[in-house]
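Examination of the molecular architecture
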Amino acid sequence: MALYIEGLTKGLANGGMAEFQEVMRQQLESSMHTELEMLLDTATGAEKEVSTKDFEGFKKIFHRFLQVKGPSVEWAKIHRPPEDSIQPYDRIAARGLPDSVADSLNKLVVVKLNGGLGTSMGCKGPKSLIGVRNENTFLDLTVQQIEHLNKTYNTDVPLVLMNSFNTDEDTKKILQKYTHHRVKIHTFNQSRYPRVNKESLLPVAKDMGMTGENADGWYPPGHGDIYASFYNSGLLDQLIAQGKEYIFVSNIDNLGATVDLHILHHLASQPNGKRCEFIMEVTDKTRADVKGGTLIQYNGKLRLLEIAQVPKAHVDEFKSVTKFKIFNTNNLWISLAAIKRLQEQNAMDMEIIVNPKTLDGGQNVIQLETAVGAAIKSFDNALGINVPRSRFLPVKTTSDLLLVMSNLYSLEAGSLNMSQKREFPTTPHVKLGSSFTKVQEYVTRFESIPDMLELDHLTVSGDVTFGKQVSLKGTVIIIANHGDRIDIPAGSMLENKIVSGNLRILDH
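How each quantity is defined
Residues numbered from 1 in each chain as written. Predicted model: local features only at pLDDT ≥ 70, side-chain atom pairs only at ≥ 80, totals over all residues. Heavy atoms only, no water. Helix = DSSP H or I, 4+ residues; strand = E, 2+ residues; numbered from the N terminus. Rg over C-alpha atoms; globule rule 2.2 N^0.38 Å. Buried < 20%, exposed > 50% of the residue type's maximum accessible area, 1.4 Å probe, protein only. Contact = heavy atoms within 4.5 Å. Areas by Shrake-Rupley, 256 points an atom, 1.4 Å probe, with all protein chains shown as cover. Lys, Arg positive; Asp, Glu negative; His and termini not counted. Charge placed at Lys NZ, Arg CZ, Asp CG, Glu CD. Axes fitted to C-alpha atoms, helices over the stretch in contact; angles between N-to-C directions. Parallel < 35°, antiparallel > 145°, perpendicular 65-115°, else oblique. Nonpolar A, V, L, I, M, F, W, Y, C, P; charged D, E, K, R; others polar. Pairing = 2+ DSSP bridges. Salt bridge = Lys/Arg side-chain N within 4 Å of Asp/Glu carboxyl O.

**Observations regarding the overall build of the protein**
Regarding its fold elements, the protein presents 14 helices and 25 strands. A compact globule built from 508 residues should have a C-alpha radius of gyration of about 23 Å, and the protein, at 24 Å, falls within 12% of that. Here the C-alpha coordinates of the protein stretch approximately 75 × 60 × 50 Å along the principal axes. Per-residue burial over the protein gives 51% buried out of 508 residues. Residue pairs in contact within the protein that sit at least 24 positions apart in sequence constitute 70% of those at least 6 positions apart. Here the protein displays about 23,800 Å² of accessible surface, and carbon together with sulfur accounts for 50% of that area. Charged side chains of the protein number 56 positive and 59 negative; the gap between the two group centres comes to 2 Å.

Okay, structure coming up:
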């Protein structure tokens, strides 16, 4: 079986081998369907109904996975997008806003991707519940932003959270605290797909349970699942019936992804004959973004190209900042009616991401996933808008967390704005070492967040702590070697300094 799979993924298809492969594919698919039916037999009631829909989606993605041979793009067919297909934000904003901004806002739904756990930062629960600013969580700030919009314009913009089975229960408990806020909050769940044994290509789980030996048997299949799970939940139809026309989708950990009235107006004021159904916010690449997906023209359509789809020989070219100058922020504006149409026609086309994992017991598995932005080629008159970098402020690590907690940003109605006192529009490059990886430990290492208004670069490695009211300027590198410890005393000012060794007291 393993030899066959190896041959399949390398795309061996000559003479009798092609027929052999097709027979094997059919057998694998049949075995998978049998296993899925056996799993469903262990479910009851509502769980069985939901899981049946989930498995229909999984069967489609598994079928396509078995057909795929090699990278999904031919490099020679890749072209730069036409000039008018990626508009500069300034041109969109220059159109100004109409008096009836409220009309457009009342057609909008804000959707936050809330399926992720804070495991990369050492947290066990939903990432959206990590405190990021003045004890406010990502979710608190999101609710504040939308409530501010609704109060300012007397509108009814709802918030929709796409949870996963990992985050749903904890998130719903927290939602009770927003009962008296001026925001209607809805939730729906991502699908639950079975992890697949890499050798046998069959599910790891033995029944529909999610505890004990089955705890590692399931996964949420990437944010590309939003279209099917939103549709299956019934919430899509419910919002359309309420007169909603567009969703603004973004990751809940991107604090720059606020509702932009200029982009909304551009979307809502298109002529009917050429109505734009999908807008992707892109921004200029820096050296830190070389792996980010980019927009290309392919077979006459705007398309998202991810690094996983690039043939190995062209990976360096893909990472080039000169050839591919922009990347996808995952801030997306999408027509609800178009999602409904594409779901009903089974016409949503997204590339499969094969995500290999090793379970705690050492078993190698694969997860078949899709990305929400990959569907751009399925929509009519899709458009990219090149937005300022300030609309991309993701918090993936404690290094990112330090930036958003610092005085580089001011907080206003749930939105972070770069401080007027900073002379450069770019953020400093911050790299905190492994002693800072987990939020709990990171918090104990700062008595207060340093002044970073004039900081360009910060690298910290080893056992380092910061006292109150420390100021960092220019390039600062602090390295405590193994077994050493460095305490930066309260009130210190470090400017273009390298600090190393074992310093329990630092003169300043």
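Resuming the write-up.
**Topic: the packing of helix H8 (residues 226-233) against helix H12 (residues 336-344)**
The description of two helices packed together rests on the angle between their axes and the distance between the axes. For the pair H8 and H12, the least separation of the axes is 10 Å and the interaxial angle reads 95°. As the angle between them shows, H8 and H12 are arranged roughly perpendicular. On H12, the residues that touch Tyr227, Ala228, Phe230 and Tyr231 of H8 are Leu336, Ile339, Lys340, Gln343 and Glu344. Split by residue class, the contact of H8 with H12 holds 6 nonpolar, 1 polar and 2 charged.

**Some thoughts on the sheet that holds strand E15 (residues 353-358)**
Within a sheet, each strand pairs with its neighbour through backbone hydrogen bonds, oriented either parallel or antiparallel. Strand order in this open sheet of 3 strands is E8-E16-E15, and the pairing throughout is antiparallel. Each of the sheet's edge strands pairs with one partner strand only, and the pair in question is strand E8 (196-197) and E15. The pairing of E8 with strand E16 (residues 364-369) spans 2 bridges and is antiparallel. Note that in E16 the partner of Val196 across the bridge is Ile366. Packing of helix H3 (residues 45-67) onto the sheet brings it into contact with E8, E15 and E16, and relative to E16 it is tilted by some 110°.

**What to know about the pattern of salt bridges**
The final tally for this structure, using the stated rule, is 26 salt bridges. Among the ionic pairs, Glu277 bridges to Arg341, the shortest N-O distance being 2.8 Å. With Glu277 in the loop between helix H10 (261-268) and strand E11 (278-284) and Arg341 in helix H12, this pair connects stretches of sequence that are 64 residues apart. Note on Glu277: relative accessible area 10%, which makes it buried. Residue Glu344 pairs with Lys340 through a salt bridge whose shortest N-O separation is 3.1 Å.

**Observations regarding the environment of Ile279**
With respect to the helices, strands and loops of the structure, Ile279 is situated in strand E11. You can call Ile279 buried: its relative accessible area is 0%. With 16 residues separating them along the chain, Ile279 and Ile263 place their C-alpha atoms 8.6 Å apart. Once residues lying within four places of it in the same chain are set aside, the contact partners of Ile279 are Ile263, His266, Leu267, Asn331, Leu332, Trp333, Leu383 and Ile385.

No statement about biological role is implied by the geometric values presented.
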